[in-house]
Amino acid sequence: MLERNYKQIAPENLNYVKTKLIEAFHDSTTAIRNSAINAMTALFVKLGFQQWPELFQFLAMNLSSDNAELVKLFLECITKILEDLENDSENVNYFEEKNNSPLTELIPKLISMCDPNYPVSIREYALKSLNIFTSMMPPSFILHMNSYFQVLFISADDQQNAIIRQLSCEGFVGVLEKRKDLITANLENVLEAVLKLTTDSSNDVKKEACLFWNEFLITEDGEPEDRFETLRKILE
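Quick caveat: nothing in here was measured; it's all calculated off a predicted structure.

**Topic: the overall build of the protein chain**
Part 1 of the reasoning: In terms of regular secondary structure, the protein chain is built from 15 helices and zero strands.
Part 2 of the reasoning: Taking all 236 residues of the protein chain together, the buried fraction comes to 47%.
Part 3 of the reasoning: A sequence separation of at least 24 residues applies to 64% of the contacts in the protein chain between residues at least 6 apart.

Next up, the structure:
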């Protein structure tokens, strides 16, 4: 209903809806919280950063909550919003142009939440969100690229959680597709990590590793083949 009729809602009524959706985040009933997440995501994607910047700020700020269940909900909502905005660069660019862009604080926070000391469910959503940024490559994300690569390397070596290893490989693939030069800067470590994932016990992880090799082996006209020499040395 919100998606179809949000343009017909008076501004004061729309502000009331926004307030009530944020309040519903703290409801004790799981079904209500989940409904709020879905409604928030749908409305935010339609309105964009310009008309509801405080939502993203609210979500990012509450990632520091001591309530692990609430943190998971905030991360889930952030991930859903980013998935829906993935092909909407205008929204992301607007947000990045603001001096107080929440991405400036959000991305380092997501990186820190990929630490193995966090519960797997939280690490999963944090890494999913970071991986989505590879398709958009906002400046705030590129600024923390070295830290992101360290997250991917650590996650690739997580022997207890196949989904974390798979997300690690997805991250490598995402960067390779958009910024091959960033992979080249970390080439040896990336290749060693993906080679290991290629023989993973999980079929899903192995499939994701194969996607990396499919993209990696594509050579564009005039592109140097140094990376193949690095691969040959690792395989020897």
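**Some details on the pattern of salt bridges**
Part 1 of the reasoning: Per the stated rule, a full pass over the model turns up seven salt bridges.
Part 2 of the reasoning: A salt bridge links Glu23 to Lys20, with the shortest nitrogen-to-oxygen separation between them at 3.2 Å. Note that Glu23 and Lys20 are positioned in helix α2 (residues 11-24) at a spacing of three residues, about one turn of the helix.
Part 3 of the reasoning: Given a relative accessible area of 38%, Lys20 falls into the partly exposed group.
Part 4 of the reasoning: The salt bridge involving Lys196 is made with Asp157; its shortest N-O contact spans 2.6 Å.

**Some thoughts on helix α13 (residues 187-198)**
Part 1 of the reasoning: Taking 1.5 Å of rise per residue, the 12 residues of α13 would be expected to cover 16 Å, and the 16 Å separating its terminal C-alpha atoms lies within 8% of that figure.
Part 2 of the reasoning: Burial in α13 covers these residues: Leu187, Val190, Leu191, Ala193, Val194 and Leu197. An end-on view of α13 places all buried positions within 165° of arc, on one side of the element.

**Structural notes on unusual backbone geometry**
Part 1 of the reasoning: Phi at Met137 is positive, roughly 50°, even though this residue is not glycine.
Part 2 of the reasoning: With respect to the helices and strands, Met137 occurs in the loop between α8 (120-136) and α9 (139-142).

**Concerning the nonpolar core**
Part 1 of the reasoning: Counting 70 residues, the largest nonpolar core has Phe149 and Phe212 as its most contacted members.
Part 2 of the reasoning: At 10 residues, helix α5 (residues 68-85) tops the list of elements feeding residues into this core.
Part 3 of the reasoning: In contact with Phe149, not counting residues within four places along its chain, are Phe172, Val175, Leu182, Ile183, Asn186 and Val190.

**A few points about the environment of Asn214**
Part 1 of the reasoning: Structurally, Asn214 can be placed in helix α14 (residues 203-216).
Part 2 of the reasoning: Placed 41 residues apart in sequence, Asn214 and Val173 show a C-alpha to C-alpha distance of 9.6 Å.

**Focus on the packing of aromatic side chains**
Part 1 of the reasoning: Under the definition given, this model contains 11 aromatic pairs.
Part 2 of the reasoning: With a centroid separation of 6.4 Å and an interplanar angle of 50°, the aromatic rings of Tyr148 and Phe149 are classed as tilted. The residues Tyr148 and Phe149 share a single accessibility class, namely buried.
Part 3 of the reasoning: Among the aromatic residues, ring-to-ring pairing joins Phe133, Phe141, Tyr148, Phe149, Phe153 and Phe172 into one connected group.

**Regarding the confidence of the model for the protein chain**
Detailed conclusions should not be drawn from predicted coordinates in areas where pLDDT is low.
Part 1 of the reasoning: Mean pLDDT over the protein chain: 83, with 83% of residues reaching 70 or higher.
Part 2 of the reasoning: When pLDDT is averaged over each helix and strand of the protein chain, the minimum, 58, is found for helix α6 (residues 89-97) and the maximum, 97, for helix α10 (residues 145-156).

**A look at the state of the cysteines**
Part 1 of the reasoning: According to the stated counting rule, one finds zero disulfides in the structure shown.
Part 2 of the reasoning: In this structure Cys169 is a free cysteine whose sulfur lies 8.7 Å from that of Cys210, the closest cysteine sulfur available.
Part 3 of the reasoning: The exposure class of Cys169 is buried, given its relative accessible area of 0%.

**Here we look at the packing of α5 against α8**
Part 1 of the reasoning: Running from amino to carboxyl end, α5 crosses α8 at an angle of 20°, the nearest separation of the two axes being 9 Å. Taken together, the axes of α5 and α8 are roughly parallel relative to one another. In the packing of α5 onto α8, the handedness of the crossing is left-handed. For the pair α5 and α8, contact is made by Ala68, Val71, Lys72, Leu75, Glu76, Ile78, Thr79, Leu82, Glu83 and Leu85 and by Ser121, Ile122, Tyr125, Ala126, Lys128, Ser129, Ile132, Phe133 and Met136, respectively.
Part 2 of the reasoning: Its residues assigned to classes, the contact of α5 with α8 comprises 12 nonpolar, three polar and four charged.

Thresholds applied
- Residues numbered from 1 in each chain as written.
- Predicted model: local features only at pLDDT ≥ 70, side-chain atom pairs only at ≥ 80, totals over all residues.
- Heavy atoms only, no water.
- Helix = DSSP H or I, 4+ residues; strand = E, 2+ residues; numbered from the N terminus.
- Buried < 20%, exposed > 50% of the residue type's maximum accessible area, 1.4 Å probe, protein only.
- Contact = heavy atoms within 4.5 Å.
- Salt bridge = Lys/Arg side-chain N within 4 Å of Asp/Glu carboxyl O.
- Expected span 1.5 Å × (residues − 1).
- Arc of directions from axis to C-beta.
- Core = buried A, V, L, I, M, F, W, Y, C linked by side-chain atoms within 4.5 Å.
- Phe/Tyr/Trp six-rings, centres within 6.5 Å; stacked < 30°, edge-to-face > 60°.
- pLDDT = per-residue confidence, 0-100.
- Disulfide = S-S within 2.5 Å.
- Axes fitted to C-alpha atoms, helices over the stretch in contact; angles between N-to-C directions.
- Parallel < 35°, antiparallel > 145°, perpendicular 65-115°, else oblique.
- Left-handed = near helix turned anticlockwise from the far one by under 90°.
- Nonpolar A, V, L, I, M, F, W, Y, C, P; charged D, E, K, R; others polar.

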